Structure formats: C-alpha cells, structure tokens
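Inside the fold
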Amino acid sequence: MQFKSFLHCFLLVITFLAFFAHAVEKPTNEKRFQRSAKGATGMGLAGIADWSTQFPFIDLMKQSRAWRDWSNNVEGFDVDEHGWLKSLKPGQTAGTVFLAIDEGKALTFDRVHVFYEGEGVLEYGWSARKSHKASKLGRDVVAINPGESLLTIKKTNPKNPIRNIRIIPEPYLVAYEQGEIFNPQWLPVIDDFQALRFMDWMQTNHSKQSQWKDRAQVGDRTWQSEKGVPVEIMLQLANKLKADPWFNIPHLADANYMAAFAKLVKATLDPSLNLYIEHSNEVWNWGFEQAQYANKASHKRWGDIGDGFMQWHGMRTAQMCDIFKNNVFKDQAKRVKCVLGVHTGWRDLQISAMECPKWVEEGNAPCYQHGFDYLGITTYFDGGLNGPPLGEDNPKQVAALQSWMKEKDGGLNLAFEQLENGKHLREVPGYENYRGVYHETKDKMDYWVAYAKKHNLGVVAYEGGQHISANHLQMHDDKSIAKFHLAINRDPRMEKVYREFLRAWKAGGGDLHMHFVDLGTPSKHGSWGSLEHLNQKTSPQWRAITDFNDNVPCWWEGCRGG
C-alpha cells in the first residue's frame, strides 16, 4: 500500500514536471529572440525584392516593384515625392508586382489584407485573387498562390487618389495593428548576430545617391527602389535587436551626406551599440559602377595611373572616417569602426588604398592614419568546384567535374573530399597546392592579419562563406553543374566544412565575421542564403553558424556576448 502511494506521488511529480516543461517551452527561434548575449559573428541582409524569401517587413508594398502599365504600355506616371500615384493618363493603369515566389513551401501565408486610402478601383491579377465577399471599402482581402502577385490601380480620383496602400499578410495582422514594422517570423532568425550588414538594403552597388536630400524616406511607397531602405528603418532594426549596424556609404556621397548620415546615427542609435562604416562595396570589382567611377575620378584628379582607383578608394575611406570619427562622433570615436574593403585575392593591391601616395602629395597623411580600424576581407571558398572562368581554357577542370557528376552519388563524395583536403584537383592550374577549406582560410588569415598588425589594424570579414556556384563562369548554363552545386550546399557534410572554416577564422586572428546572407532561394546563380526561406528551420551551414554563435565565447575586443 505504501509502495502504491509512493508510486502515485512519483507519477504526479513527473506529470507536473512534464507539464511545466511544456508550458514554458517556446519555439527555438522565439527562445533565441529572448537572449541577451550575442554570438560573435554577424550577418549580411539580403536585398529587398518581391522575389526574396526574406520578408523582413510586414507591409509587402515596401518590397514591391516600380509602377508599370501592364495593359496599354502608356509610359510616365504622375507620382508624388514618395512614389504614390496622383493621377492616371487616359487609358493608363498602374500595376506593381508585390510578391513573386514560385515555391509554395517558401510562403508563410495564403491571404493578405490590402489597406488603402482614397477613391478609385484596385484590381488583382496573376497569382492574386480578391475575395469580394470578405473585402470592404478601404480593405481588400486577397488570396495568394505561388507565382507573381499583381496589384493594379485601374482608376483613381485625382482629387482624392488611391494612396497609402499597405499589403499585410494575414498572420501578421496583430503585429501590424500594434505598430510593428518588421516581420515577427523573421526577427528571431537574425536575432543572435553581433552585427547586421546593410549593404544590399542600401542598394550600395551601382548607387546613385549623392546628396542627403535625395535619400530614401520612411514614407516612400517602396524600399526596393534604387534609393534602398531608409536609414531610420535600419537604425530601428539595429536598436530593436541590439545589433551593431554595418553601413556602406555610397561612393557618390558628398561631405554633407556623410555628415548628415553620421549625425542621424549618433542621435538615433542605441548608445550601447557600435557601428561599422565602409566606403561603398568592392570598389575594385569592375562589375560594379563604383569601380568604374573610382577609375575615372582618379584619372581626372591624378592622371593615368594604374592603381588610381584604389588610391581614390583609400582617400574616400579616409574622408569618410574623418567625418564620422574626428567630427560627428569625436566624443565617442571608439564606437565607430572604420573598415577599408580590400580585394582578398589580390595581395598587395591594398597598399595603394592604405598609403595613397597621390593624396599624400596633396598634403595629407597616408589614408590608413585617418582612423582606419579594420581591413575588410572575404572568406569565400569553392575548392575549385565552380569550374573555370569565362574565356579560360582549362579542360582538365571541366572534364574532372563532368566525370564526378556521373558517379553513383552525383560526385558528392569527391566534392567533399576536395573541400576537405584538395587532393582531387591537383592537376588543375591554381589548385596544385590546395589543401582544403581550413588551410585556405588559414593561409588567407596568415597574410592579412600579419599585414594589418603592421599598421595596428584588425581584420574583419565583410562577406564570407561558401561560394560554390558557376555564376558568370564557363559552366554557368550547364544544368548539371547547377544541380551538383545545389546538392553540395544542401548536403549535411557542409556543416562540417563550415565548422572548419569558422575554426580557421578564429584561430587565424580574425575579429567580426559577416556571413552572406540571411535568406535566399538557391538557383544557378548561387546558394547565397544561409537559409532558403522562413519556413526552413535549419540547414547544414545554419547549424554550424548558430552553434558557433551559441558555444564559442567572444574572443575579440568589442564583442558583446557571453
């Protein structure tokens, strides 16, 4: 009898504990959102687009395309300073694609509520269908299916035009009504990161931004435009997540733009946070307008010199750092981390930007003496799996990869052995001495950390991770290679590869490492997202990154973590 009573009490205790554990348990993402400590790495945020699986904003209008007359092709729209339609020309309609997601599994909703002001006629097409029964004046309810969703203004009253359109997914209505801007399903995904790089949000590549008055505004109809996301919104996200923001100042920005930017950041950013600033992005990359401009600007200023574009890049970085650190943030200069972005694979090219002799001849100190804190490099790896560049005759590499893909496992075993030790492509020029991802990363660090230390600088990674893609290379349109690359990136063994390269980064003396990027749909152009979509709970690289963040204590000065 006593044994039964004891057993009964024991079972009650176990039941209570189980109930309590279930009651306090939260989804993994939500638990991460509650953490006060931050991981030691950062994350770049994917660019704003209607085809992105990121969905960072509750209002999908903020990711929509420019207006277009899809029916009659009547060009030229009458819009106000924020891009809202003021009137329509005879026979004209104004349509915008606000969502373009092909895979149903990437959608986190199947209905949106469209709020609007003004008088006129709104219609929906392609993958969007209005529910007339559920809709009412000022609020349409629209069913969403995979594909492209189109919103069209068919008619509008010029005296009271349709405007202030907000497209809110049904699951986020409560958050929207509470004044939330950011997708509550996305926030926990990026919560753990020490810093967030806003390069793509700022439309840094090919930027046309030069004057502060022309910057993106909070009230703009869309933030997918060439102006990008407003600084105020990026600062709000940084403050909300207690993450250091990383800003890329446009290459055309004048001194007033830089000063105004710095003043807004100082007035708005949580004082416990630091900020990283970088002049443009990859000014050495001839595929970007900023590199072309730097080359022309340097020739105009200093004549026809081969390294002029890098000297100009160093000068502009120095001017930017002076404005931020020695002017606006003079009393808080340590909060500002100035980064000189360099070409990781072109060693010694950085000397031109660091020392900028032509600018020195004009009476200035060498560029690196103007408040530089870091050299910004990349940690991209591919192990030779991408195939040769366009125009490069490398038949051994192509033949090897093509033969691998005929293996029973599609070549995956050989691919991961190559990433681990490099033994399979030793006959390919450029990979004779390749020893795998860990050693490749460590070799990079040995050079860059040693060079940086000579100038009392640290090393950060502005981007990094796998770069296994034939994008713009010789095998770009080969469907088999695209399938091969996707399989590599999805293979569980990629987790080990990521762990090794992160271990090499830390062992090599690197500080903040920024992964590229948070979410993105894979294609022949690359598998750039650490996760493919919001409904994906994890991935091989995501497991490695988050485990590193959770279990490797901060090791570099200024890292806020535990």
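The paragraphs below set out a description of the structure included in this document. Given the structure is predicted, the values throughout are model-derived calculations rather than measurements.

Our focus in this paragraph is the overall build of the chain. Helix and strand counts for the chain stand at 15 helices and 15 strands. Relative to the 2.2 N^0.38 estimate, which gives 24 Å for 562 residues, the radius of gyration of the chain is 26 Å and therefore close to what a compact globule would have. C-alpha atoms of the chain, sized along the principal axes, occupy 85 × 70 × 55 Å. Counting all 562 residues of the chain, 54% fall into the buried class. Taking the intrachain contacts of the chain between residues at least 6 apart in sequence as the baseline, contacts between residues at least 24 apart amount to 76%. Carbon and sulfur atoms make up 52% of the accessible area of the chain, which amounts to about 24900 Å² in all. Across the chain, the centroid of the 66 positively charged side chains sits 4 Å from that of the 66 negatively charged ones.

This next bit is on unusual backbone geometry. Peptide bonds are mostly trans, and most non-glycine residues show a negative phi. Backbone torsion omega between Phe 516 and Val 517 reads -15°, so that peptide bond is classified as cis. One non-glycine residue, Ser 280, lies in positive phi territory at about 55°. Mapped onto the elements of the fold, Ser 280 is located in the loop between β11 (275-279) and α6 (289-302). Owing to a relative accessible area of 0%, Ser 280 belongs among the buried residues under this scheme.

We now examine the packing of helix α5 (residues 255-268) against helix α7 (residues 308-328). Their axes nearest at 10 Å, the elements α5 and α7 cross at an angle of 40°. In terms of orientation, α5 and α7 fall into the oblique class. Relative to α7, α5 is oriented so that their crossing is right-handed. Along its contact with α5, which presents Ala 255, Met 258, Ala 259, Phe 261, Ala 262, Lys 263 and Lys 266, the element α7 presents Arg 316, Met 320, Ile 323, Phe 324 and Val 328. Considered class by class, the residues forming the contact of α5 with α7 number nine nonpolar, no polar and three charged.

In this section: the packing of helix α12 (residues 437-454) against helix α14 (residues 494-507). Across the interface, α12 lies against α14 with an axial gap of 8 Å and an inter-helix angle of 20°. One way to sum up the angle between α12 and α14 is to call them roughly parallel. In this structure, the crossing between α12 and α14 has a hand that is right-handed. Along its contact with α12, which presents Val 437, Tyr 438, Thr 441, Lys 442 and Met 445, the element α14 presents Val 497, Glu 500, Phe 501, Arg 503, Ala 504, Trp 505 and Ala 507. Class assignment of the residues belonging to the contact of α12 with α14 gives a composition of eight nonpolar, one polar and three charged.

Turning our attention to the state of the cysteines. If you walk through the whole model with that rule in mind, you get two disulfides. Paired by a disulfide, Cys 554 and Cys 559 hold their sulfur atoms 2.0 Å apart. Measuring handedness by torsion sign, the sulfur bridge of Cys 554 and Cys 559 sits at about -40° and is left-handed. By relative accessible area, Cys 554 is classed as partly exposed at 26%. Shown here for the chain is a disulfide pattern of 1-2, 3-4, where each number marks a bonded cysteine counted in sequence order.

For the coordinates displayed, the defined rule picks out 27 aromatic pairs. With a centroid separation of 5.2 Å and 50° between ring planes, the pair formed by Phe 57 and Trp 201 is classed as tilted. Of this pair, Phe 57 sits in the loop between β1 (42-44) and β2 (78-79) while Trp 201 sits in the loop between β9 (195-197) and α4 (231-241), and the two are 144 residues apart along the sequence. Given the relative accessible area of 4%, Phe 57 is considered buried. Put simply, the rings of Phe 57, Phe 182, Trp 186, Phe 198, Trp 201, Trp 212, Trp 223, Phe 247, Tyr 257, Phe 261 and Phe 324 touch in pairs and so form one group of aromatic residues. The ring of Phe 329 has Lys 266 lying over it, and the distance from NZ or CZ to the ring centre is 5.9 Å.

An order of β14-β13-β12-β11-β10-β9-β1-β15 is seen for the eight strands of this open sheet, with the pairing classed as parallel. Two strands lie at the open edges of the sheet, namely β14 (458-463) and β15 (514-515), each paired on one side alone. Note that β9 and strand β10 (residues 244-249) share three bridges and pair parallel. Considered in β10, the bridge of Ala 195 is made with Asp 244. With respect to the sheet, α12 is in contact with β13 (372-378) and β14, its orientation differing from that of β13 by roughly 165°.

Rules used throughout
- Residues numbered from 1 in each chain as written.
- Predicted model: local features only at pLDDT ≥ 70, side-chain atom pairs only at ≥ 80, totals over all residues.
- Heavy atoms only, no water.
- Helix = DSSP H or I, 4+ residues; strand = E, 2+ residues; numbered from the N terminus.
- Rg over C-alpha atoms; globule rule 2.2 N^0.38 Å.
- Buried < 20%, exposed > 50% of the residue type's maximum accessible area, 1.4 Å probe, protein only.
- Contact = heavy atoms within 4.5 Å.
- Areas by Shrake-Rupley, 256 points an atom, 1.4 Å probe, with all protein chains shown as cover.
- Lys, Arg positive; Asp, Glu negative; His and termini not counted.
- Charge placed at Lys NZ, Arg CZ, Asp CG, Glu CD.
- Axes fitted to C-alpha atoms, helices over the stretch in contact; angles between N-to-C directions.
- Parallel < 35°, antiparallel > 145°, perpendicular 65-115°, else oblique.
- Left-handed = near helix turned anticlockwise from the far one by under 90°.
- Nonpolar A, V, L, I, M, F, W, Y, C, P; charged D, E, K, R; others polar.
- Disulfide = S-S within 2.5 Å.
- Phe/Tyr/Trp six-rings, centres within 6.5 Å; stacked < 30°, edge-to-face > 60°.
- Lys NZ or Arg CZ within 6 Å of the ring centre and 35° of its normal.
- Pairing = 2+ DSSP bridges.

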